[in-house]
Amino acid sequence: MGLFNFVKEAGEKLWDAVSGHDDASKKLKDHIDKLGLPDSDKVNVAVNGDTVTVSGDGISQELKEKILVAAGNVAGITKVDDQVKVADNAPEAEFYTVKKGDTLSAISKTLYGNANEYNKIFEANKPMLTHPDKIYPGQVLRIPK
């Protein structure tokens, strides 16, 4: 549990300055639900300004991390407060913020020493990633051990 930082301008645009954040919590929860992650109904999200608090319990470490990344990779969000209790003792993944010019292969080469391990990163970030070549600067990715 803790606080994770994200790039405010990067990510999916779920609301804009005109509509404000009045229904931001609902929009963000709907966004997470649309990803089709199993057991995502066991978590709650609350948006307060540029911070999202994610709470709940009884989910896996992997699912928790995917939900945190999905919540943080939304334009306007800079922090995700993790208040989720997991049901397993799986190791925590690392998180990596994509830089300009990065590819999954380059990230894999840097972190695993082998560019051909990029699919491990891609799979760990599905369904938020739909194609290995569709990443963007500022996006935060789960990096499994």
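Quantities reported herein were computed from a predicted structural model and do not represent experimental measurements.

**Q** I'd like a description of the pairing of strand 3 (residues 51-59), backed by residues and values.
**A** Pairing of strand 2 (residues 43-48) with strand 3 involves six bridges; the strand directions are antiparallel. Of the residues in strand 3, the one forming a bridge with N44 is S55. Across eight bridges, strand 3 lies against strand 4 (residues 79-86) in parallel orientation. The residue of strand 4 that forms the bridge with G56 is V84. In this fold, the crossover linking strand 3 to strand 4 by way of helix 2 (residues 61-72) has right-handed handedness.

**Q** Describe in detail the packing of aromatic side chains, supporting the description with residues and values.
**A** Aromatic ring pairs are defined here through the distance separating the ring centres and the angle between the ring planes. Counted by the stated rule, this structure contains zero aromatic pairs. Taking NZ or CZ as reference, K120 lies 4.6 Å from the ring centre of Y112, over its face.

**Q** How would you sum up the sheet that holds strand 1 (residues 2-5)? Please name residues and give values.
**A** Reading across from one edge, 1-4-3-2 is the order of the four strands in this open sheet, with mixed pairing throughout. The open sheet terminates on both sides in strands that have one partner only, identified here as strand 1 and strand 2. Averaged over all adjacent pairs, the angle separating strand axes in this sheet is 20 degrees, with direction ignored. When strand 1 meets strand 4, the two strands line up antiparallel, connected through four bridges.

**Q** Could you give an account of the domain arrangement of the chain, with specific residues and numbers?
**A** Under the domain assignment, the chain is made up of domain 1 (2-86) and domain 2 (94-143). When the two sides are added together, the surface that domain 1 and domain 2 hide from each other amounts to roughly 1,100 Å², 68% of it contributed by carbon and sulfur. When the area that domain 1 buries against domain 2 is broken down by residue, the three leading residues are K66, V69 and N73, summing to 39%. Counting across the domain 1 and domain 2 interface gives one salt bridge. Between R142 and E65 there is a salt bridge; the shortest N-O distance is 2.9 Å. The interface formed by domain 1 and domain 2 holds three residue pairs in polar contact (both at pLDDT 80 or more) in total. Elements with a contribution of two residues or more to the side of domain 1 that touches domain 2: strand 1 and helix 2. Looking at side-chain class alone, the side of domain 1 that touches domain 2 contains eight nonpolar, three polar and four charged residues.

**Q** Let's hear about the layout of surface pockets: which residues, and what values?
**A** Roughly 180 Å³ of volume is contained in the largest pocket. If you go around the largest pocket, you meet 13 residues; those closest to its centre are E12, N73, M128, Y136 and Q139. Per-class residue counts for the lining of the largest pocket are seven nonpolar, four polar and two charged. When residues are assigned to domains, the lining of the largest pocket turns out to be shared by domain 1 (2-86) and domain 2 (94-143), each giving three or more.

**Q** Account for the side chain of S108, with residues named and values stated.
**A** Structurally, the position occupied by S108 is in helix 3 (residues 104-112). At 3.2 Å, the side chain of S108 forms a polar contact with the backbone nitrogen of Y118. If sequence neighbours within four positions are ignored, S108 has contacts with G113, N114, A115, E117, Y118 and I121.

**Q** Give a description of the environment of E65 that names residues and reports values.
**A** In this fold, E65 is placed in helix 2. Remark: the alpha-carbon pair of E65 and D41, spanning 24 residues in sequence, is separated by 15 Å. In contact with E65, other than residues within four places in its own chain, are P91, E92, A93, F95 and R142.

What counts as what
Residues numbered from 1 in each chain as written. Predicted model: local features only at pLDDT ≥ 70, side-chain atom pairs only at ≥ 80, totals over all residues. Heavy atoms only, no water. Pairing = 2+ DSSP bridges. Helix = DSSP H or I, 4+ residues; strand = E, 2+ residues; numbered from the N terminus. Right-handed = clockwise from strand over helix to strand, strands pointing away. Phe/Tyr/Trp six-rings, centres within 6.5 Å; stacked < 30°, edge-to-face > 60°. Lys NZ or Arg CZ within 6 Å of the ring centre and 35° of its normal. Axes fitted to C-alpha atoms, helices over the stretch in contact; angles between N-to-C directions. Domains from an automatic or database assignment. Buried area = accessible area lost by both parts, 1.4 Å probe. Salt bridge = Lys/Arg side-chain N within 4 Å of Asp/Glu carboxyl O. Polar contact = N/O pair within 3.5 Å; in protein donor to acceptor, adjacent residues only side chain to side chain. Nonpolar A, V, L, I, M, F, W, Y, C, P; charged D, E, K, R; others polar. 1 Å grid on protein atoms, 1.4 Å probe; cavity = no way out; pocket = protein on both sides within 12 Å on 5 of 7 lines; lining within 4 Å. Points joined across faces, edges and corners; volume = space filled by probe spheres on them. Contact = heavy atoms within 4.5 Å.

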